[in-house]
Structure formats: C-alpha cells, structure tokens
4 protein chains.
Amino acid sequence: MANSKYEYVKDFEQTDVLLPSTWIVVRIDGKGFHKFSDHYQFTKPNDRRALDLMNAAAVEVMKELPDLCIAYGVSDEFSFVFHPNCQLFERRSAKLVTTIVSAFTGYYIYKWSEYFPSMPLQPPYLPSFDGRAVIYPSNGLLRDYMSWRQVDCHINNLYNTTFWMMVLKGGMSNTDAEQELKGTVSGDKNEILFKRFGINYNNEEEIYKKGSVLYRQFELQEPELVQEGEVDNTTVPEGKQSRTQQERLRKLRRKAQVVVDHVDIIKNDFWDRRPWILSGKPGKLPA
Amino acid sequence: MANSKYEYVKDFEQTDVLLPSTWIVVRIDGKGFHKFSDHYQFTKPNDRRALDLMNAAAVEVMKELPDLCIAYGVSDEFSFVFHPNCQLFERRSAKLVTTIVSAFTGYYIYKWSEYFPSMPLQPPYLPSFDGRAVIYPSNGLLRDYMSWRQVDCHINNLYNTTFWMMVLKGGMSNTDAEQELKGTVSGDKNEILFKRFGINYNNEEEIYKKGSVLYRQFELQEPELVQEGEVDNTTVPEGKQSRTQQERLRKLRRKAQVVVDHVDIIKNDFWDRRPWILSGKPGKLPA
Amino acid sequence: MANSKYEYVKDFEQTDVLLPSTWIVVRIDGKGFHKFSDHYQFTKPNDRRALDLMNAAAVEVMKELPDLCIAYGVSDEFSFVFHPNCQLFERRSAKLVTTIVSAFTGYYIYKWSEYFPSMPLQPPYLPSFDGRAVIYPSNGLLRDYMSWRQVDCHINNLYNTTFWMMVLKGGMSNTDAEQELKGTVSGDKNEILFKRFGINYNNEEEIYKKGSVLYRQFELQEPELVQEGEVDNTTVPEGKQSRTQQERLRKLRRKAQVVVDHVDIIKNDFWDRRPWILSGKPGKLPA
Amino acid sequence: MANSKYEYVKDFEQTDVLLPSTWIVVRIDGKGFHKFSDHYQFTKPNDRRALDLMNAAAVEVMKELPDLCIAYGVSDEFSFVFHPNCQLFERRSAKLVTTIVSAFTGYYIYKWSEYFPSMPLQPPYLPSFDGRAVIYPSNGLLRDYMSWRQVDCHINNLYNTTFWMMVLKGGMSNTDAEQELKGTVSGDKNEILFKRFGINYNNEEEIYKKGSVLYRQFELQEPELVQEGEVDNTTVPEGKQSRTQQERLRKLRRKAQVVVDHVDIIKNDFWDRRPWILSGKPGKLPA
C-alpha cells in the first residue's frame, strides 16, 4: 500500500539474526512465580499439577513449532532447543523468543482450569513468562547446557525437599531450617531426610528429581558401546538445507508424538538411543 | 546454592542492553491473525469487540508497567513506549519485549470471553503475538514513529473500508474490488465510498480512523502557541535518575488513570497538552 | 567473477551498523605506550614532540575523512567524532573504526622521523593503536563526552606535573611521590607545585592543560548571550540527506582548514561560536 | 584517579564480546589498493615485492600475537585466525580487529622501503587497511572459510594472468580483453594462455596460484589414512583454559618459527600433518 514520509523510521530496527550453524536455546522463566505460587497455594516443595500444566503447555509449543528438537522443564522454567540447521524466522532472535513466550503463556492460561479447576485465575495474578535466546556452537556445549539445567534441578529439589520436610513435618521455622541447611552437602541432606523423616531421596518421584524432557518419539536405537563420560562430539553439519528439504523434515517431525520423559540426560545413553535429536534427521516412526 | 561444573555455559549469554537515553518502542503483532480473525468471524473491515479487547489488554500492560509512557494500537498490533530515562530490567531488550508480549497475551486470552462471550477459544486457534524492540534517539524521531503508525492506520482503514463496502454492499468479488482499487489515491476511495455507498469517510468512527492512544491522565495544559508542523524537539535529558527517584515517579504514574483515546497524535497539540509524556515527569492528577 | 561452493561462509558475517541519527565517537588509544614512551625517552610529564606528532597524524585523518566534525586528543589517545547524519560506510562500526585506526597508525609512523629525527623507529617498538566506536543519542551527551575527556586531561596533567616535579626536581623516589599524592585534591597539588617549585600551574602550556581540539575552520559567529552552564541541547536533526547533498557538504568541508586548538570545550562559548560542529552544516570560509 | 561528573558517558559503550568457543577470523583488506598499486607501479598481474611485503608484515603480526594459529593472504587481503579457546582481550571484537589492523599497517609501512627501495611512500598515498571479525562455530566451517579464500585466489589469479597476458603481450585493449573473457570457464582461460602465449598455467609460481599460508612450525605428523574429501570434523573443545595454561601455551607458540607456505589448504593433507593448528595444542619443536 501507499507509503508515508515517516516510513524512514523503519531503518532504526536493528537485525538480531543468530549466528548460523549454532544450537539455539530459548529459556523462559515464570515472572514472580514465588508470589504467584503462594497466591494459588501450590503444594510445597513440588506441586504436581503445576508441573503437569507447564509440561502440557510445552507440549503444545513443541507441536506448533516442529523446528524444536527437544525441551527441558524444571520448576517454572522451560528451555526450548532449535537445531543448528533451523532457519525459522531467518533465525531472528526476538521473533523466535517472543513466539515461544507468547504461545507458552497462551496455553498455560488456556489450560489452567484443567489442572486447577477449583482455582480460577484472578488478575493481577495472571501467569507470565520472560525469555531469552542463547546460542551454543557445538553438540558438546548443548549437552553441557542440558546437563547444567538437570544438575540444577537435582540440587534445588534435594534442598527444597529437605527444607520443606524440616518445616512441614519437623515443625521448624523457615529461618531455622535455612540456617541448619547452610553449608550442608548432598550427603547431609540425604541423612536428614532419612534419619529424621524416614525418607529415601532416591525413592522420590522422577519428575521432581530429573525434571521433564520433551522430544519427538521415533524408534529407539541400540546404543553402540560408548564409554561412560565420553561426550559425543559429532559436529554441527555445515551448509544449508533447501527450503523444500526443510519443509519435508518439518512434516516428518509433525507426525511424531511429543513425549514427556523424566530421565537422565547427562549421560550418553539418552542421546545415543535418540540420535535424531542431535542430528536433526527424523528417525523411523514407531510401529 | 551449590554450583556445578556445567555452570560455565552461562558465559554464552550475550548482553542485549539497549543504548541509554533513547526511546524504547516495543511493537507487538498478532501472529497469523488473518486466519485467527476468520476463525472467530471478526466483522469486516473492523471488529469493534476485537479492538476493544486489544485495548483492554494493553491497558492492563500499562498498569503493570508504570515505566510505559504511551502506547498506540491499530488492528492486531500495539506499540508500547518506554521513556529514555527508563532503567527497567537494566534496559535488557529480550526481558522488556518478552515481559510485554507475555503479559499482553495473558490478558488477551483472559479477557477474551468478556468480549466474545459466545465464541470460546479453541486450540490450535489460540491468539499469540510476536514482538521486537526498536530504539529512537530523539523526541522528534519518536514522534515520527508514532506518526508513521497513525498514518498507516489511516491508509489501511480507508482502503479496507472501501474494499469491504465494494464486496459486502457492492457485491463485488474480492479480486474485482482489489483490482479496481489498485493505484487509486485517497480521493478516489473517498469518492467510491460517497458516490456508491453514500458514506462520508469523515463520519466513520474515530477508533477506526485514528487507532487507539493509551496514556496516563494528568491535568491537561494550555498549549502555548506553537506553529503547526513545527516539531517539538526538546531533547532527551541526559544523566541518570537515582533508584529512589525512579521509584517515586513510578508510584505517581501508578496513581494516574490509563485512558484510551482516539485522537490525532501527528500534530503538536496532543503532545503540547500532555507534556508529561515526552518529559517523563508526571503531571498533576486531575481533581 | 565465478563463485565457489564455499561462498556460503559469507553468511556468518554479522551486521554492525550503528544506530542512525546518533553521534559516533571513535576513540583510539596507544597500545603499550608506557613502554613505548620509555623506549624512545619521551620527556616527562609531557613530551611536546610526541603530542605534536599525535596532532599531525590526527589532522591527516581529518583531511582524509571530511565526514569527521571534530576530534580531541590528549596523551596517547584521540577521539574522532562523526555527525549523526554521517552515512560513511553505511555506518558500519568495524569499517569506521579500522579505517581511522589504520590511517592514524600510518601517518604516525610516516611522520615519526619529522618529530623524532634522531630516534629511528625500531621493531618491535613500533607504535600501534586500538580503537572502538561509541554512539551518543544527543548533542548534550556528545558535549558531556567531550567534557569528560577534557576534565580527564586536566586531572591527569595536574597529577603528572606535580608527580614529575617531585621526582625530577624534588629528588623523591617514584614510590614516595606517589605515596604523598595519594588522596590529595587539586588545591594540594597546586600548593605543592607553587610552594616547593615556584610553579603556578595556570601558567603551564595550554596544550598540556587543555589537550588538543581539531576542527574545520569557518568564520566564527558572535555567541548569543547564553547563560553559563546551560547546555545547548538542540536536537539531532532527523531524516536523511540525499547522497548528492552529502557529497556537496563533503566538498565544502574539504575546503576548510583543519586547525589545532587548545581551548576550553566544556563551556558553551566554544560551541556557540562554531555552530557548524554540532549542526553539521559547513559555515562560511574565512576571508 | 579522581572521577568527574561526566564519567557516566562510559555507560554508552556497548560490549562486543565474541561468542566463546568459536573460531575468530579477522580479515583485513587494503583500502583503495587499485589506485595505490597504480601509483607505485605494481607489476601486473602480480607484484612479487608487494606480496612479499604483505607476508612480511603478517609474519610480524603472527609473532606479536601468539594467540593466532594460522593466517592466509592473497593480493591485498589477509585473514588472521584465532583459536576457539582464545581469550585475548576477553574476545572483544573491536579490540582484536584494531590491534591487528594497526600492527599490520605499521609493519607494512615500516618495511616498505625494504621491498620498494626506489619508491618512497608519498602521502596521501599511504597504505591503509580496514578489517572485520567473523566467527565460525566448527572446524569444518573454518576449513570452508579457508577453502573459500584459496579458491577465490585461484579464480582471480587465473583470470588476471590471462587478462594481463592478453593486454601486455597480446596487445589488446583492457575492454577487449575483458569482453573476450566474459563468460569463459577455467578451461577456456587455460587454453588462451597455452595457445596464444605458450604458458602452462600449472607452471606459474605457487605463491600466485595458492596464496600464502602462515603458521607456526612444529614437527610434521604422518597423516593417517584419511579419505580425500572427507572433512575432519573434530569439534571445538568446550570449557575454558586457566590463565596460567594459556600463558604457558603462548610461550610454546612464541618459540616456534612462523613459516610462509604456498600450499593447498583445501584438502585434508595440510591439516592432518599439522594437527596443532586445529587443536590449538603446540606440537614438538623441530630439531
């Protein structure tokens, strides 16, 4: 349509294209979820409904964006991962991040009543999320990012489980519990749980200990014998795929089911059995 | 809490702090709203409920973020403006943009049923928005940005009004109407509207012709005699405000009502009477 | 010419275009000039030949790049300033910075023997400079940047003058002088200079106290009565000039002589009399 | 030293840290070398003195910056490569680029008279270079970058050799030669050279056909049997080295001689025999 003399202001938009051939991680975080979870009386230390809702929203985001290869969620945060070959929105950072944040927020609110039927949302206590994109130049680095989030999940969950036991079952004040836990290591917390409350941390639910991994389900592969600890460092394939090829891959990915898993993603096994995640090449659909 | 050996991956996050002392415009856009508006049968050329819903969501965003000075909406897009002095989230671009996108999406969905009571939202037709931040170094440039959006509103609305009259009242096919309008100027469209459909475009509703301006209401000021067309180029004040000062200003702004107006923002009058918008200094609350 | 299959690697270059309508300051700094000045036995606290050589190189850079409006040098650093309207190299940051760094280095080395005839350059003691671009959104901010450098010049020069008097004339060790000066204010240093060495700091040479300002000489203007301390905040003109207009302005600027001045650039007087610097519009050539 | 109220202007400097764990290529280009080479009557199509001077300057840059692993030069351009592990200047882009540009310019001018003894430099015909940094996320991509430059060298040299033969020996006008070469492929040019001028392009000097590769000389390794064409895609090692470790490596690299070679860097052989270039781990010094 017609232009105006003001159109020159468009020149002030600066490009924010992310470096090609790198993994793109979009991590979103609940805004003020401390207050938010208090208001809606989330169970401590973990509220299963809240986590299931996070996962449900994330599954929808994965379905809408077949370019996503994997996602990992813990507490009120979720990391969504695009493959180095991804060309979605020409890899413009703001576009990728806001699309995910908006879709996630939308589904979280839309599905809220399913998971909290007796707790209608009340402004100003509406859930919202911020987000950012970070890029990683190699498979090894992406794996370390994922490991970072899962180790964090473990550390926080062990702490929270112990803390809330001490408060809710042990009758301690928040301050006293916090004070006692200061400087403790994992072993100490495991011991407090076991000796005082008869809890074996290993028996806690996997979703709390491991967080949630979302990916598209293809046929699992027999892992070759890979030595534990050795990082699978196959590099990012350089070069670009044609648009047709991209579209074809997108269609194949759409056909696969998005599953929610609570498993170790630090060791190689997870990745070896699901080579399509790092390779970006869809596997065989399970029978 | 405890750290892990994976924490080094945080170093890959790159800063995206926006240049100090510049206007920050966050513009959000409905994603796939063509399809979306078809699905929920929005009235053509303008659906009043949809615009009111956009404005209602934007009002809530303005209320949540007192750092916002003004916002302008048209169709499925909204521009939110932070003052050059704004220090919110240390001016990190992704944080500012995603916060607005997420809050806006949330309120849009939350309030949907108020405006479309008989049309429940149905996935995958959930509304979502993308966004981006653009910075402008001077008042004159910000004014030109605002003028750009309002001129665009006018151009598009005149076109759409004429087009849909030709189709809905004139019984033309979309293609025929499009063909006839190709290359026409404003005068031509005004004439089509008037001669064929007895419509005087000037009598159309202001919200359609001018879009929606949102700002905090303080006491209007008598505009000094400023010559038409002359741009008020008072510069951006340099230097930084202290945190206390910022907090105080935020409180004052929260007290003011956010109003939705449909007026000319291209000429000086609007800005002269509301000096608090460009100055960033809250005015007197109206009695 | 012919392309190769490797050409896709060009896509990894990321744009670094500087925000339009902002002042661009390219500041360059001598690398390891402490060692360098020792090696060539620069006089302490100021070596007039070295400063003259810096200025001579900067004059050549100004002549080669008529887009530069003003430059300011002190010690082994120089700041070169492009006007907000500047479109040189499409405002690509690396291009602007490296062009200045390379030309400056070249002239510094080329002219070395003129200023240090008895001291031929000897690798690895070749002078080199690094540089960076910083942008400022308003005239007021640019003025504050220039003031920052000139105030720094004064602070450092007063310190160095006092320090080296204490060492060279007063026979103190470096450490003792440093120790005594710790925590002193200007008044203290002025007193040391006057009482111990009979030096009135005000009588020191202007080039040492004020640094060097380079600009194109047009006819000076009568400054209107502007109140001291009030910053001239005329904004950056928005909009773009055509290429022809830019070329015409470049030619006019080339005709003006580049002068080296040692005057106050903090107060308004300097800028009021030379309005072409901030306006970017060449004045009248002096008769 | 003392601060001033103007110091806040430092906040406008924006960080330009390059993504960790990526190859950094700094490519510099002669500015206006067409004119420059005309002025100093460079031999066509290649001036051996000019290329030797470029290489001599580049060798000095490599010596000054032990963080550089390899460099490649052709015509008036040079690419300098930092390893993904490089932490020099905290990987700030402007700092890395300007340091190289300034040092290179300095040595080029300093050594000019050695290579062009009868042609003293005359302003304004001083050589200068611009530069930029580009990052590559994997070894394969870096190899493709290097291949790109070497293929370009070949394409341009074959064209130039043929063109200048036609003009200088064949007596054709520039325009006629250009016209005839339009649309020709390698085979055509080889034939023109051979049939008209009795030149076998394969016998041309390697420096013209292959460009110049600079690297530190350690003991060559027996290449394992690697299939031709297969790219050695060992990934970039993640994680960071300690400062002490970096310093130790720098020292080892300084001890190695920087050699200038004119060999194929597209196939694997070059890289397989010199594994220290991609690994960043210095090899054994040759006996």
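Residues numbered from 1 in each chain as written. Chains lettered and ligands numbered in written order. Predicted model: local features only at pLDDT ≥ 70, side-chain atom pairs only at ≥ 80, totals over all residues. Heavy atoms only, no water.

K.L.:
Looking at this structure, I do not really get the overall build of chain A. What am I missing?
P.N.:
Secondary structure summary: chain A contains ten helices and six strands in total. In terms of overall dimensions, chain A has C-alpha extents of about 70 × 55 × 40 Å along its principal axes. Burial analysis of chain A (287 residues in total) assigns 54% to the buried set. Intrachain contacts of chain A at a sequence separation of at least 6 include 79% that bridge at least 24 residues. For chain A, the exposed area adds up to about 12900 Å²; of that, 49% sits on carbon and sulfur atoms. In chain A, the 37 positive side-chain charges and the 38 negative ones have mean positions that sit 5 Å from each other. (Helix = DSSP H or I, 4+ residues; strand = E, 2+ residues; numbered from the N terminus. Buried < 20%, exposed > 50% of the residue type's maximum accessible area, 1.4 Å probe, protein only. Contact = heavy atoms within 4.5 Å. Areas by Shrake-Rupley, 256 points an atom, 1.4 Å probe, with all protein chains shown as cover. Lys, Arg positive; Asp, Glu negative; His and termini not counted. Charge placed at Lys NZ, Arg CZ, Asp CG, Glu CD.)

K.L.:
Explain the UniProt feature "binding site: Mg(2+) 1" (unreviewed entry) in chain A here, please?
P.N.:
Residues and elements named next belong to chain A. When the UniProt feature table is mapped onto this chain numbering, "binding site: Mg(2+) 1" (unreviewed entry) sits at Asp 29, Gly 30 and Asp 76. Judged by maximum C-alpha separation, these annotated positions cover 48 residues in sequence but sit close together in space, the widest gap being only 5.9 Å. Within the secondary structure, Asp 29 sits in strand β1 (residues 23-30). Asp 29 gets classed as buried once you look at its relative accessible area, which sits at 18%. Contact partners of Asp 29, with chain neighbours within four places excluded, come to Asp 76, Glu 77, Ser 128, Phe 129, Asp 130 and Arg 132. For Gly 30, the location among the structural elements is in strand β1. Excluding residues that lie within four positions of it along the chain, Gly 30 makes contacts with Asp 76, Ser 128 and Phe 129. (UniProt positions renumbered as here; feature names shortened; annotations may be inferred.)

K.L.:
What's the story with the relation of the copies chain B and chain A in this structure? I'm lost.
P.N.:
Relating the two copies of this chain is a rotation about some axis coupled with a shift parallel to it. Mapping chain B onto chain A calls for a rotation angle of 180° and an axial translation of 0.0 Å; the resulting RMSD is 0.0 Å. The superposition operator between the copies reduces to a two-fold rotation axis. Counting the interface residues of chain B, we find that 100% of their copies in chain A are interface residues as well, pointing to one common contact surface. (Least-squares fit on C-alpha atoms with pLDDT ≥ 70 in both.)

K.L.:
Mind showing me how you'd approach the pattern of salt bridges here?
P.N.:
Working definition: two side chains of opposite charge can pair if their charged atoms are close together. The tally for this structure, following the rule as stated, stands at 92 salt bridges over all chains. Notably, a salt bridge pairs Lys 111 of chain B with Glu 60 of chain B, separated by 3.8 Å at the nearest N-O pair. With a gap of 51 residues between them, Lys 111 of chain B in helix α3 (residues 93-115) and Glu 60 of chain B in helix α2 (residues 48-64) connect regions that are remote in the sequence. Residue classification places Lys 111 of chain B among the buried residues on the basis of a relative accessible area of 13%. Of the charged contacts, one joins Arg 27 of chain C and Glu 13 of chain D as a salt bridge, the two residues approaching to 3.0 Å between their closest N and O atoms. Placement of the pair is Arg 27 of chain C in strand β1 (residues 23-30) and Glu 13 of chain D in the segment before β1 (23-30), with the two residues belonging to separate chains. Classification of Arg 27 of chain C as buried rests on a relative accessible area of 9%. (Salt bridge = Lys/Arg side-chain N within 4 Å of Asp/Glu carboxyl O.)

K.L.:
Explain the interface of chain B and chain A here, please?
P.N.:
Interface size, as often reported, equals the accessible area lost upon joining of the parts. Chain B puts 52 residues into the contact, and the matching count from chain A is 52 residues. Note on chain B versus chain A: buried area summed over both sides is about 4400 Å², and carbon and sulfur give 68% of it. There are four salt bridges connecting chain B and chain A. Viewed at the interface, chain A and chain B are joined by 18 residue pairs in polar contact (both at pLDDT 80 or more). Secondary-structure elements contributing two or more residues to the side of chain B that touches chain A are α3, β4 (129-136) and α4 (139-169) of chain B. With 13 residues, the top contributor of residues to the side of chain B that touches chain A is α3 of chain B. (Buried area = accessible area lost by both parts, 1.4 Å probe. Polar contact = N/O pair within 3.5 Å; in protein donor to acceptor, adjacent residues only side chain to side chain.)

K.L.:
Just checking my understanding: could you explain helix α2 (residues 48-64) of chain A for this structure?
P.N.:
Count 3.6 residues to each turn of an α-helix, and residues three or four apart come out pointing the same way. Residue and element names in this part refer to chain A. The end-to-end C-alpha separation of α2 is 24 Å, in line with the 24 Å expected for 17 residues at 1.5 Å each. For α2, the buried fraction is high: twelve of the 17 residues fall into the buried class. All of the buried residues in α2 are Ala 50, Leu 51, Leu 53, Met 54, Asn 55, Ala 56, Ala 57, Ala 58, Val 59, Glu 60, Val 61 and Met 62. (Expected span 1.5 Å × (residues − 1).)

K.L.:
Explain the pairing of strand β4 (residues 129-136) of chain A here, please?
P.N.:
Side chains on a regular strand alternate between the two faces of the sheet. Residue and element names in this part refer to chain A. By the criterion of burial, β4 is predominantly enclosed, with seven of the eight residues buried. As defined by bridge partners, β1 adjoins β4 across eight bridges and the pair is classed as antiparallel. Following the sheet pairing, Asp 29 is matched in β4 by Asp 130. (Pairing = 2+ DSSP bridges.)

K.L.:
In this structure, what is going on with the sheet that holds strand β4 (residues 129-136) of chain C? I would like to understand it.
P.N.:
All names here are of chain C. Taking strand neighbours across the sheet as the criterion, the six strands line up as β4-β1-β3-β2-β5-β6 in an open arrangement whose pairing is antiparallel. Only two strands of the sheet have a single neighbouring strand rather than two, namely β4 and β6 (257-261). Along the sheet, successive strands turn relative to each other by an average axial angle of 20°, direction set aside. Sitting on the sheet, helix α2 (residues 48-64) is in contact with β2 (68-74), β3 (77-82), β4, β5 (212-217) and β6, with an inclination near 30° to β5. Strands β1, β2, β3 and β4 of the sheet are contacted by helix α3 (residues 93-115), whose axis makes an angle of about 140° with β4. (Axes fitted to C-alpha atoms, helices over the stretch in contact; angles between N-to-C directions.)

K.L.:
Looking at this model, I keep getting lost on the packing of aromatic side chains. Mind explaining?
P.N.:
Between two aromatic rings, the relevant description is the distance of the centres plus the angle of the planes. Scanning the model with the defined rule gives 100 aromatic pairs over all chains in all. Residues Tyr 40 of chain D and Trp 112 of chain D carry aromatic rings whose centres are separated by 4.9 Å and whose planes lie at 65° to one another, so their mutual orientation is edge-to-face. Highlighted residues: Tyr 40 of chain D in the loop between α1 (33-39) and α2 (48-64) and Trp 112 of chain D in helix α3 (residues 93-115), separated in sequence by 72 residues. On the basis of relative accessibility, which here comes to 1%, the residue Tyr 40 of chain D falls in the buried class. For Trp 112 of chain D, a relative accessible area of 2% puts it in the buried group. Members of the aromatic cluster, connected to one another through ring pairs, are Phe 33, Phe 36, Tyr 40, Phe 42, Phe 78, Phe 80, Phe 104, Tyr 108, Trp 112, Phe 116 and Phe 129 of chain A. (Phe/Tyr/Trp six-rings, centres within 6.5 Å; stacked < 30°, edge-to-face > 60°.)

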